[in-house]
Amino acid sequence: MLSMLRTHDKIVGAKQVKRALAKTGVEMVFIALDADKKVTGEIEELCRLRSVPITYVDRMEELGEACGIDINAAVAALLNKN
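All figures in this text were calculated on a predicted structure; none of them were measured in a lab.

Reading guide: rules and limits
- Along each chain, residue indices are assigned from 1 in the same order as the chain's sequence is written.
- In keeping with the model being predicted, local features are shown solely for residues with a pLDDT of at least 70 and side-chain atom pairs are shown and tallied solely at 80 or more, while totals for entire chains, interfaces and linings include all residues.
- The side-chain quantities take in all heavy atoms of the structure and omit both hydrogens and water.
- Pairing between strands is defined by DSSP: at least two bridges between the two strands are required.
- Counting from the N terminus, the helices are DSSP H or I runs at least four residues long and the strands are E runs at least two residues long.
- Axis geometry follows a simple rule: fit a line to the C-alpha atoms, using only the stretch in contact for helices, then measure angles between N-to-C directions, giving values from 0 to 180 degrees.
- Any pair of residues with heavy atoms lying within 4.5 Å of one another is described as a contacting pair.
- In this scheme, a residue with accessible area under 20% of its type's maximum is buried, one over 50% is exposed, and one in between is partly exposed, where area comes from a 1.4 Å probe on protein chains only.
- The crossover handedness rule: strands pointing away from the viewer, path from first strand over the helix to second strand clockwise, crossover right-handed.

### A few points about the sheet that holds strand β3 (residues 54–57)
Next up, step 1: What the four strands build is an open sheet, ordered β1-β4-β2-β3; its pairing is mixed. Because the sheet does not close on itself, it has two edges, and the strands there are β1 (10–12) and β3. The average angle at which neighbouring strand axes cross in this sheet is 20°, direction not considered.
Next up, step 2: Bridging between β1 and strand β4 (residues 75–79) involves three bridges; their strand directions are antiparallel. Bridge pairing links Val 12 to Ala 76 in β4.
Next up, step 3: Across the sheet, helix α2 (residues 14–22) lies against β1, β2 (26–32) and β4, angled at about 40° from β4, the strand it touches most.
Next up, step 4: Lying on the sheet, helix α3 (residues 37–50) is in contact with β2, β3 and β4; it crosses β2 at an angle near 150°.

Below is the structure:
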């Protein structure tokens with residue numbers, strides 16, 4: 001699943017993911033389990049409301065690496081192809 005972040009259009013970061021969820025432009029969301037719940041809680045709720053699947057990743061470092069960035073990432077999302 002994480003390998004999809006390398007090959008598909010994506011966004012990284014809580015603000016960007018929230019914006020995309022508001023526009024229903026998200027195929028799947030990735031959330032790091034070690035991220036602050038203040039950051040991820042609202043995103044999890046938006047995903048449930050919009051029936052967007054969530055994939056949990058153990059560490060923020062692992063998610064950042066999968067996104068191809070040099071910093072840790074709490075959340076990332078794959079964008080719809082349309």
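### What about the pairing of β2?
Next up, step 1: Across the seven residues of β2, six count as buried, placing the element largely inside the fold.
Next up, step 2: Across five bridges, β2 lies against β4 in antiparallel orientation. Bridge pairing links Met 28 to Leu 78 in β4.
Next up, step 3: When β2 meets β3, the two strands line up parallel, connected through four bridges. From the neighbouring strand, Phe 30 faces β3, where its bridge partner is Thr 55.
Next up, step 4: Following the backbone out of β2, through α3 and into the adjacent parallel β3, one traces a crossover that is right-handed.

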